[in-house]
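# Notes for the structure review
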Amino acid sequence: MRTYLEAKLSWWVRVFLILFTSYFSLSTSFAQVSVEAQIDSIQIFVGQQAHVTLTATSKEKAKVEFPQFQPTQNITPGVEVLGSQEQALQERDNGYVSRSVIYTLTSFDDTLYYLPPMTVKIDGKPYHSKSLALKVLTIEVDTTNVDQFFGPKDVQDNPFQWSDWRSEEHTSELQSL
């Protein structure tokens, strides 16, 4: 049989655990300001495009400033930003909303790139996303046997006349105009 001290200690441990788990479950249920970055493809071929989605979650009335890149500006040496597109506002719980911008990236050098964290200012305070990686691959081309490739073809003539496709009623409609 347990002693009085063991029973009392066991009761306090249970109370502490209940309060501890309640506190952390409630604190995580309330939304907080956050910035997240996701990339749709971690591997691309030279010249292909990848999309990075940068999402900021904040109060609805908060002023949110996403990074601005000029077309063909490098996000990191070797990786160009081709453009950006702002997405529709998504409502969250407790008066919070998520704003997203999708950045289109490309690269013409084959290597593994480190994409540094992006900074979003929310009400003037900077928040950083996580860093990402982008692997750019090349396509092996056999240049020793160039005779296996065919050259460009000439422009071909149409095997019909456009007048062959016009019907009598279309011709009369066109003449009446």
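To be clear, the structure that these remarks concern was listed above.
Conventions and cut-offs
Residues numbered from 1 in each chain as written. Predicted model: local features only at pLDDT ≥ 70, side-chain atom pairs only at ≥ 80, totals over all residues. Heavy atoms only, no water. Salt bridge = Lys/Arg side-chain N within 4 Å of Asp/Glu carboxyl O. Buried < 20%, exposed > 50% of the residue type's maximum accessible area, 1.4 Å probe, protein only. Helix = DSSP H or I, 4+ residues; strand = E, 2+ residues; numbered from the N terminus. Pairing = 2+ DSSP bridges. Patch = residues over 30% accessible without salt bridge, like charges linked within 9 Å, V, L, I, M, F, W, Y side chains within 5 Å. Areas by Shrake-Rupley, 256 points an atom, 1.4 Å probe, with all protein chains shown as cover. Core = buried A, V, L, I, M, F, W, Y, C linked by side-chain atoms within 4.5 Å. Contact = heavy atoms within 4.5 Å. Axes fitted to C-alpha atoms, helices over the stretch in contact; angles between N-to-C directions.

The next thing to look at is the pattern of salt bridges. Taken as a whole and assessed by the stated rule, the structure comprises one salt bridge. Measuring nitrogen to oxygen at the nearest pair gives 3.7 Å for the salt bridge that ties glutamate 65 to lysine 63. On the basis of relative accessibility, which here comes to 36%, the residue glutamate 65 falls in the partly exposed class.

Moving on, we get to the pairing of strand β12 (residues 132–137). On a regular strand, one side chain projects to one face of the sheet and the next to the other, so that they alternate. Of the two faces of β12, only the one carrying Leu132, Leu134 and Val136 is buried; Ala133, Lys135 and Leu137 on the other face are not. By the bridge criterion, four bridges tie strand β9 (residues 112–115) to β12 in an arrangement that is antiparallel. Bridged to tyrosine 113 within β12 is leucine 134.

The next thing to look at is a nonpolar patch on the surface. Among the surface-exposed residues, Phe45, Ile139, Val141, Val146 and Phe149 lie close enough to one another that they form a single nonpolar patch of about 520 Å² accessible area. Structurally, phenylalanine 45 can be placed in strand β2 (residues 43–45). Residue classification places phenylalanine 45 among the partly exposed residues on the basis of a relative accessible area of 37%.

Judged by nonpolar contacts, the single largest core of 25 residues is most densely connected at Leu54, Phe66, Tyr103, Leu105, Leu115, Val120 and Leu134. For this core, the secondary-structure elements that each account for two or more residues are β1 (34–39), β3 (49–59), β6 (79–86), β8 (96–106), β9, β10 (119–122) and β12. If sequence neighbours within four positions are ignored, leucine 115 has contacts with Ile39, Val52, Ile75, Thr76, Val79, Leu105, Ser131, Leu132 and Leu134.

One open sheet accounts for three strands, arranged β2-β12-β9; its pairing is mixed. Unpaired on one side and paired on the other, β2 and β9 mark the two borders of the sheet. For this sheet the average axis-to-axis angle between neighbouring strands, irrespective of direction, equals 30°.

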